[in-house]
Amino acid sequence: MNKFVSTMVAGAAALAIAGSASAQTVTLRITGSTAFRGATHNAILAMLQTNRVYGYAGTSFTGAGQAQFIGTTIVGNIPVIIKTSWAGSVGGIQTLTQNRTDGSNTKWMNNDASLTVGGASGLSSGPYDAPVTADVAMSDTFQGQTPYTSPTLTKVTVGVVPFAWVRNTGCPSGVDNMTTLQAQLFLASGSLPIGLFTGNTNDTVIVSLIGRDQDSGTRVVSFAEPAFGVFSAPFQNQLAVNGVFGANGSTTNSITGIQPYPDTTVLGDFYASPTAGYASGGTVAGLLRTPNALTGAGTHIIGYVGISDANTATNGASGAAYMKYNGVDYSEDAVRAGKYTFWSYEHLMYRSSLTGNSKTVADTLANTIKTVNISPAGIHLGTMGVSRQGEGLVVSP
């Protein structure tokens with residue numbers, strides 16, 4: 001069967017699945033944590049029967065900002081259309097509590113005929129559904145650590161998400177550790193002499209901070225862990241790629257400029273420069289692995305990301321590298337043992353009004369996440385030897 005015919009057959013299968021049970025089909029829209037999107041996408045596939053079809057934006061299934069699935073659940077035989085659109089944990093909670101339909105996290109793919117059994121890539125150009133709010137949010141922060149505490153959402157804790165500080169391509173290898181006190185100072189100032197990290201007081205080359213916007217759970221955890229304060233105002237920077245500020249990075253481009261992150265509006269809320277940041281951990285990861293042409297200006301870059309994005313940033317010969325946290329190298333075993341404390345819990349959240357088969361599908365997804373392979377994005381709860389009551393709080397047996 002040639003590729004054209006195969007695609008047509010798969011597209012017809014998608015329409016057949018959606019059409020044959022249209023009166024009973026559950027449509028579930030999921031937003032929230034970009035740090036956990038890969039694990040969620042894998043769990044969605046695992047909960048569906050093998051005749052499911054799907055597609056996603058860009059070329060990476062686990063890193064896709066948007067995806068769509070059509071199929072039938074293994075548990076309960078419920079026909080479903082599941083759509084994902086990721087922007088950040090806090091933004092996901094805001095979307096659910098305020099029933100928002102604006103923003104990048106509520107743009108839902110409508111590519112039924114283009115989906116395939118093997119997964120169709122490159123669907124980022126739409127078409128999109130008419131604006132509608134999300135049903136579920138994945139969040140790596142507790143609702144109480146956000147400004148959006150009411151109404152209280154139903155929460156199912158599904159895993160653990162580690163995070164990391166990463167130095168960029170070209171940053172000296174001596175910049176290999178971040179302590180809690182260094183993180184506090186770095187987040188407040190936005191740049192520091194590199195000697196503070198290397199121990200060489202004569203090393204006055206500058207290292208600067210890039211990070212996430214106010215939509216992000218990664219930001220909440222990264223501010224809570226060193227006791228900087230989840231609502232404190234940081235100094236974050238924006239990079240220029242090949243002369244364009246706000247552009248995405250890649251290994252074939254170059255970082256050519258740096259400025260305080262400009263004023264930004266996120267889901268209707270205004271944030272003044274330089275407190276804002278990037279909308280996606282994938283964007284931060286891409287910038288950290290982009291060749292740095294700022295050496296003449298004496299500037300290197302450090303950013304904080306979820307562990308999946310840290311792997312992306314440091315993959316291959318990019319030159320970006322993990323930093324220790326309080327002298328401890330990251331590993332899943334170090335998290336489980338309580339030695340590496342830069343982590344939070346991952347939650348699946350939905351409104352109390354979600355009922356019937358929609359709630360059943362959401363709960364099935366939560367249970368599936370707990371059983372399928374979620375590495376490297378997360379760690380199973382059942383394997384943890386330690387626990388904590390919230391982001392940045394004491395880790396105990």
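As a reminder, the structure under discussion sits directly above these lines.
A few points on the structure. (Residues numbered from 1 in each chain as written. Predicted model: local features only at pLDDT ≥ 70, side-chain atom pairs only at ≥ 80, totals over all residues. Heavy atoms only, no water.)

Below, the discussion takes up the packing of aromatic side chains. Following the criterion strictly, the structure yields 18 aromatic pairs and no others. Seen from their ring centres, Phe223 and Phe228 are 5.2 Å apart, and the 80° between their planes marks the pair as edge-to-face. In this structure Phe223 comes out as buried when scored by relative accessible area, which is 0%. Arg388 extends its terminal NZ or CZ atom over the ring of Trp343, reaching a point 4.8 Å from the ring centre. (Phe/Tyr/Trp six-rings, centres within 6.5 Å; stacked < 30°, edge-to-face > 60°. Buried < 20%, exposed > 50% of the residue type's maximum accessible area, 1.4 Å probe, protein only. Lys NZ or Arg CZ within 6 Å of the ring centre and 35° of its normal.)

Here we come to the side chain of Lys83. With respect to the element layout, Lys83 can be found in strand β4 (residues 79-85). Lys83 sits in the buried class, given a relative accessible area of 5%. A distance of 2.7 Å separates a polar side-chain atom of Lys83 from the backbone oxygen of Met109. Not counting chain neighbours up to four residues away, the residues in contact with Lys83 comprise Leu28, Arg29, Ile30, Ala67, Gln68, Trp108, Met109, Asn110 and Asp129. (Helix = DSSP H or I, 4+ residues; strand = E, 2+ residues; numbered from the N terminus. Polar contact = N/O pair within 3.5 Å; in protein donor to acceptor, adjacent residues only side chain to side chain. Contact = heavy atoms within 4.5 Å.)

Moving on, we get to the sheet that holds strand β11 (residues 244-245). The strand order across the open sheet built from three strands is β11-β10-β12, with neighbouring strands paired in antiparallel fashion. For this open sheet the edge positions go to β11 and β12 (255-260), each flanked by a neighbour on one side alone. Across five bridges, strand β10 (residues 237-241) lies against β12 in antiparallel orientation. Following the sheet pairing, Val241 is matched in β12 by Ile255. (Pairing = 2+ DSSP bridges.)

A few words on the packing of helix α7 (residues 281-288) against helix α8 (residues 307-314). Running from N to C, α7 and α8 point in directions that differ by 25°, and their axes come no closer than 8 Å. With respect to α8, the element α7 is oriented roughly parallel. Considering the relative orientation of α7 and α8, their crossing is right-handed. Facing α7, whose interface residues are Gly281, Gly282, Ala285 and Leu288, α8 presents Asp309, Thr312 and Ala313. Tallied by class, the residues present in the contact of α7 with α8 amount to three nonpolar, three polar and one charged. (Axes fitted to C-alpha atoms, helices over the stretch in contact; angles between N-to-C directions. Parallel < 35°, antiparallel > 145°, perpendicular 65-115°, else oblique. Left-handed = near helix turned anticlockwise from the far one by under 90°. Nonpolar A, V, L, I, M, F, W, Y, C, P; charged D, E, K, R; others polar.)

Before going further, it helps to spend a moment on the nonpolar core. Ranked by internal contacts, the top residues of the largest apolar core, which has 103 residues, are Ile30, Phe69, Ile82, Trp165, Ile302 and Leu348. The element that contributes the greatest number of residues to this core is strand β6 (residues 154-167), accounting for eight residues. (Core = buried A, V, L, I, M, F, W, Y, C linked by side-chain atoms within 4.5 Å.)

Before going further, it helps to spend a moment on unusual backbone geometry. Here the amide bond leading from Ser150 into Pro151 is cis, since omega sits at -5°, within 30 degrees of zero. Among the structural elements, Pro151 can be located in the loop between β5 (136-139) and β6. Residue Pro274 is reached from Ser273 by a cis peptide bond, and omega for that bond is 5°. By the element assignment, Pro274 lies in the loop between β14 (269-271) and α7.

A separate point is the pattern of salt bridges. For the structure shown, the criterion picks out ten salt bridges. For the salt bridge of Lys324 with Asp176, the shortest nitrogen-to-oxygen distance reads 3.7 Å. A residue pair is termed long-range when its members are at least 10 positions apart, and Lys324 in strand β17 (residues 324-325) and Asp176 in the loop between β6 and β7 (177-178) qualify at 148 residues. Note on Lys324: relative accessible area 24%, which makes it partly exposed. The exposure class of Asp176 is partly exposed, given its relative accessible area of 30%. Residues joined by salt bridges that share partners form a network here, namely Arg29, Lys83 and Asp129. (Salt bridge = Lys/Arg side-chain N within 4 Å of Asp/Glu carboxyl O.)

On to helix α6 (residues 217-224). Counted residue by residue, α6 has eight buried out of eight residues, so it is predominantly covered. Of all the positions in α6, only Gly217, Thr218, Arg219, Val220, Val221, Ser222, Phe223 and Ala224 are classed as buried. Buried residues along α6 sit against α3 (89-98), β6, α4 (180-189), β15 (299-306) and β18 (343-350). Where α6 begins, the capping side chain belongs to Ser216, and its oxygen is found 3.0 Å from the backbone nitrogen of Thr218.

It is worth spelling out the environment of Tyr340 at this point. Mapped onto the elements, Tyr340 comes out in the loop between α9 (332-337) and β18. A residue is classified by how much of its surface remains accessible, and Tyr340, at 0% relative accessible area, is buried. In this structure the C-alpha to C-alpha distance between Tyr340 and Met178, which are 162 residues apart in sequence, comes to 12 Å. Excluding anything up to four places from it in sequence, Tyr340 contacts Phe163, Ala164, Tyr325, Val328, Asp329, Tyr330, Ala334 and Val335. Within the structure, the side chain of Tyr340 is placed 2.6 Å from the backbone oxygen of Phe163, a separation counted as a polar contact.

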